[in-house]
Amino acid sequence: MPGNAHSNGTGTAQGPPDRLTLELAAATVDAVEATGAFAGGVYLRAGTPGLLRLAALAGLPARLFRPWWRMHTNRPFPVAESHRYGTSIHLADAEDAMRRFPQLMAGLPYPFGSLYEPVTHGRDAFGVLVVLRAATPGRPVDPADRQRMRHTAQRLAASLADLTARGAPVVWDGPPVNVQLPAGDTPPVRTGHLHWDPDTGALTMDGPLHTILRGAATPPRGTGGHDPGTATGAAPDAPREPGGQDPADGPGHPHPPTQPHTHPHTDAEAPGRPDATGVDTLAALLAPEDAYGLWTVARQVADSGRPRSRRIWLRALDGRPCLLEVTRTENGLHGALVEPGVGPVVAAGADRLPGGVCSLDRLGRIMFASRSAETLLGRGRPELVGQVLWDALPWFGRPAHEDHFRAALLSDEPVQFQARRDGGRWLSVTLYPGHEGVTMTLTATDRPAYTPGSVAAPGAGLGSPADRASMLYRPVALAIALTEAVTARQVSAVVTEELLPAFGGRQLAIYLLDERHLHLAWETGFPQGFLNRFDGVPLDARLPGVETLTTGRPIFFESMEHLAAAYPGIPMDAHVGARAFLPLIASGRPVGSCILGFDQPRGFSPEERTVLTALAGLIAQALERARRYDSEAALARGLQDALLPHRLPKLPGVETAARYLPGTEGMDIGGDWYDVIDTGRGIALVIGDVQGHGVAAAATMGQLRSAVRAFALSEHDPEEVMSGTNRLLIDLDVGQFATCCYIVLDVTTGTTRAVRAGHLPPLRRHPDGTTDVLDLPGGVVLGIDPSASYPVTEVRLDPGDILALYTDGLVERPGTDIDVGIERLRHALAGIGTCPLADSAERLIREATPAGDRPDDIALLLAARTAGDGRPGPRTA
C-alpha cells in the first residue's frame, strides 16, 4: 500500500502510487482546502460487505486514530449514517455532534466541527468523504462550504466510477495512506544567484536575487535606472585597506562591492576595477556591515588554501534575513541566495531557551528540535528531525499520551501533561496546536506522587485537564458501545476493543459465574490453553480471579513479582507485566470476574482504579442483560422452529422450495412464516410477517399460521381466509399487526387467485427469463381494521412459471428505497437459469443479501407450476 518511510504505521512507499490512491489523496486535500479544514479523509468500501475502511487521512497521524480505521455501516456514527442513507451530514460544533451522534463525541470529546459527504455515482456507493475543522458554535455550516464539499465528493465519485468501468477494483482492505497537506501559511521560497570573477571584478546577478534583497523597499541606490545585471564602468567609491592600498591590488583576491567613501577615485586610478553598475547595485542593496562581511567571505573562499564554500546571513532592505552561500568554482565565485523566512532566526532563538522546544507537523513528524530538547529527550537532532514522534520516542506512544495528542490536534486549546521518558526522567509537556502543526515545549519536573510503593509509573492518570477528560469519556464510550452489544460474545468483543486500548492492556479474560463455579467465557492475548486450568474453579479456590468476586473488591498487582508473592505457587503465563482483577457485580448480584493483563510493570493511579472499578460494573450489567437475552432468544428460536413447517408437502402440478434465515447474532427472532397447504380446491401458498421480534412475535406467528391453515382447509375463498385471520388477530388483542400474502393455485388450469394484506408484491418468472412484479391491489395490514376488505386478483401461471413470495428482510436495506431492493431481487430471479428450485432459493438468498449483519429475519417461498404429467415445466433461461 503506498505510503512513506515514516507513515505512522501505514506502509512504505514502493514506487509511484496507483491511480486509486492518487484519486483518494487528491480528493482529501481538495476537500480540506475547499472547506478551510485542518484534516480530512476518505472511507472506502471494503472487500467485506457492510464494512468501510479509512483509505486516506490527511492532516492527522493515522496511528493515533487506529480505532477509527474500520467502520461498520450499521454503527450509529456519522460516517456510517452518511453511507447508509446517502445523505450529507454537517456538524458545526461539539454540541451539535453530541446531540445527534453522542457515540462520536464519547470517543473524540474535543471541540471540532465535521462534514460528511457520501461518495456515490448512480447506484454505486463507494464510501464517504470527511473533513474535520474548527468548531463554529452557534453558527451552522456555511452553504458555500457544503456545496464545495459536495462537488469534491462528486468529482471523486466520477473518478472512482471510471476506475470501476476500466475493471479496477474500488475497494480498500489495507491500512490508511497518510497524506501530508500542502503548506498554507509559509512564505514562498525564492532563490537568487550571482557570479563574481575574482580576476576582473566583473559581477553579475540575476533578477530574483535583486528582487529578494530589495524586498518592498524603494529602488536601490546607484542603479541609474539601468538593469541590475552586468554592466561596465568604474566603481567611484571603493573601501580601501589601511595605508591606502586598494584591496584589488592583491593578487588572487576579488574586487569588493563598493560603498560610499570620502575619497572618490577616478577610472584612471582603478584599472581593472569590477563591473561598476553590478557591484554598485549589489552594494546599494546591502547594509554596510553586510557588504564588508560579504567581501571578507568572498576573499576567504577565493583563497585556494581556505574552504571552498562559506555562508553568510544578509539583511534585505526591508529587514528580512537571507542566507548567501559563496562557492569557489573554476570560473570564479558563485553565490546562491535563499530567502528562508524567519525560521532559522526563530530556531536560533529557541536554542537559547532553557526549556526544550519541538515543532511537529500534523502527521506527528518532528520538524525541529532545540538543543535543550535534545538534552531533555536524550536524543540528538539527527535521531529526531524527520522522524515520527512515536517512532523516535516510543514512550510518547502510551495510550494516555496519545489521548493528549489527539486533544491537541482536534482542538485549538493547549494541552499539558507529564510524561516519563525511558530512563526514568520526568518531563512536563505542553502542546500548542496550530493549523499546520503543533509546538511542543518540554521542561524537567519532579516525579509525581502516586500510591506508596508503586514499582512503576501509571500509564495514565497524571491529573492534567486532558487526562481527566479522557478518564471521563472512557466510561461513556464503553457504556455507549455496551448498549449496542446484545450477546455475551458481543459484550466481550466490545470490552476487548474499547477497554484494552484505553489502558494499554494486552490480555483480557472474562469468567462467568454458574452454579458457584467460574467458567471461562472469553479470552484474548494469553498463551493458548493457559487459562483452561482455571475453567470451572469453585468459589472457595484461593485465586485472585475468585477472591475479587467473593470480596467485591478489585485487586491490582503492579508487577508479576507482587502477584507471585501474594499467591505463592500460582501458575503464571509471564514473569514480566502487571495484572488487574475486577469483580463483575450487577445490582448486587455476582456475575463473574474480569482479568486485565499488561506486558510491562505499571502502577495504577487512584483515577485509574476508580475508572476500572466503574467500568467493571458496566460490563457486569451488560453481561447480565446478555444472559437474559440469550435465554429469551433461545426460547423464541425454539418456538419458531417448532411452528414453521419442517418440510413442504410434495404435491402434483407444483414444485415448491422455501428458506428461512433468522437475523444474525444479536438480533431478536422475528415473526416471518411461510406455508404450503393442499386445500382440496387448490394449492395455497402463504407467506407472512408479524410486527416486532422476540418470543411475542414468534408466538403470534404460530397463532396466525394455524388460523390461516384452519380457514384454508375449511375451503374458504382467499378473501374470507384473509378477513377471518384479520378479525382473529384483533380478537387476540396482542397489540401486534401482521402482513400476509395468500395465493391459491389451480394446478390444472394455472389460474391463481391472490389476496394481499399489506405485504410486498410477489414476483413471477417466465421460462424465457422475463420477470415481472405482480400488481395486486391488496388491503391494509392484519390486526388494524375489523371491517377491512381484501380484494382478490386472478393471475395466470403457465407451466414453467415461478412465483416468488418473500418478506421484507430479503429486500430492505437501511437508507435505500425498498423498491430498489425489489428490483434487485427481480434481476436475481431472472438470472437463476435452469438449476433446481431448491438451488435457486439458495442462490436468491445469497445474491440478494450481503454478508454481515442481517437486521431482520428472511423468509422466501418459491413455487413453480409443473407440466400436466407432474414433470417440471420448461425453463430455458
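It should be emphasised that the depicted structure is a prediction, and the values quoted were computed from it without experimental measurement. (Residues numbered from 1 in each chain as written. Predicted model: local features only at pLDDT ≥ 70, side-chain atom pairs only at ≥ 80, totals over all residues. Heavy atoms only, no water.)

Caption draft 1: Expanded view of a nonpolar patch on the surface. A surface patch of nonpolar side chains, amounting to about 180 Å² of accessible area, comprises Leu-728, Leu-732 and Val-734. Structurally, Val-734 can be placed in the loop between helix H20 (718-732) and strand S27 (738-745). For Val-734, a relative accessible area of 32% gives the class partly exposed. (Patch = residues over 30% accessible without salt bridge, like charges linked within 9 Å, V, L, I, M, F, W, Y side chains within 5 Å. Areas by Shrake-Rupley, 256 points an atom, 1.4 Å probe, with all protein chains shown as cover. Salt bridge = Lys/Arg side-chain N within 4 Å of Asp/Glu carboxyl O. Helix = DSSP H or I, 4+ residues; strand = E, 2+ residues; numbered from the N terminus. Buried < 20%, exposed > 50% of the residue type's maximum accessible area, 1.4 Å probe, protein only.)

Caption draft 2: Geometry of helix H13 (residues 399-410). The terminal C-alpha atoms of H13 lie 17 Å apart, and with twelve residues this matches the ideal 16 Å at 1.5 Å per residue to within 8%. In terms of residue burial, H13 counts as a mostly covered element, since eleven of its twelve residues are buried. Burial in H13 covers these residues: Ala-400, His-401, Glu-402, Asp-403, His-404, Phe-405, Arg-406, Ala-407, Ala-408, Leu-409 and Leu-410. (Expected span 1.5 Å × (residues − 1).)

Caption draft 3: Representation of the pairing of strand S28 (residues 751-757) in the model. With respect to burial, S28 is a largely interior element, five of its seven residues being buried. Where S27 folds back onto S28 in an antiparallel hairpin, the turn is made up of five residues, including Gly-750, whose phi is positive at roughly 80°. Bridging between S28 and strand S31 (residues 793-796) involves four bridges; their strand directions are antiparallel. Directly across from Ala-754, in S31, lies its bridge partner Thr-793. (Pairing = 2+ DSSP bridges.)

Caption draft 4: The arrangement of the nonpolar core in detail. If you look at the biggest cluster of nonpolar residues, it comprises 58 residues, and the most contacted ones within it are Phe-396 and Phe-405. When residues of this core are assigned to their parent elements, the largest contribution, five residues, is made by H13. (Core = buried A, V, L, I, M, F, W, Y, C linked by side-chain atoms within 4.5 Å.)

Caption draft 5: Here's a closer look at the sheet that holds strand S21 (residues 555-557). Taken in spatial order, the six strands of this open sheet run S20-S19-S18-S23-S22-S21, and their pairing is antiparallel. Both edges of this open sheet fall to strand S20 (537-538) and S21, since each of them pairs with a single strand only.

Caption draft 6: Region of the structure containing the environment of Leu-442. You can see Leu-442 is positioned in strand S17 (residues 437-444). Exposure remark for Leu-442: the relative accessible area of 0% places this residue in the buried category. For the pair Leu-442 and Val-357, spaced 85 residues apart in sequence, the C-alpha separation works out to 6.3 Å. Look past the residues within four positions of Leu-442 in its chain and what remains in contact with it is Gly-355, Gly-356, Cys-358, Ala-373, Leu-376, Leu-377, Phe-396, Ser-428 and Val-429. (Contact = heavy atoms within 4.5 Å.)

Remember that the coordinates give geometry; whether it matters functionally is a separate question.
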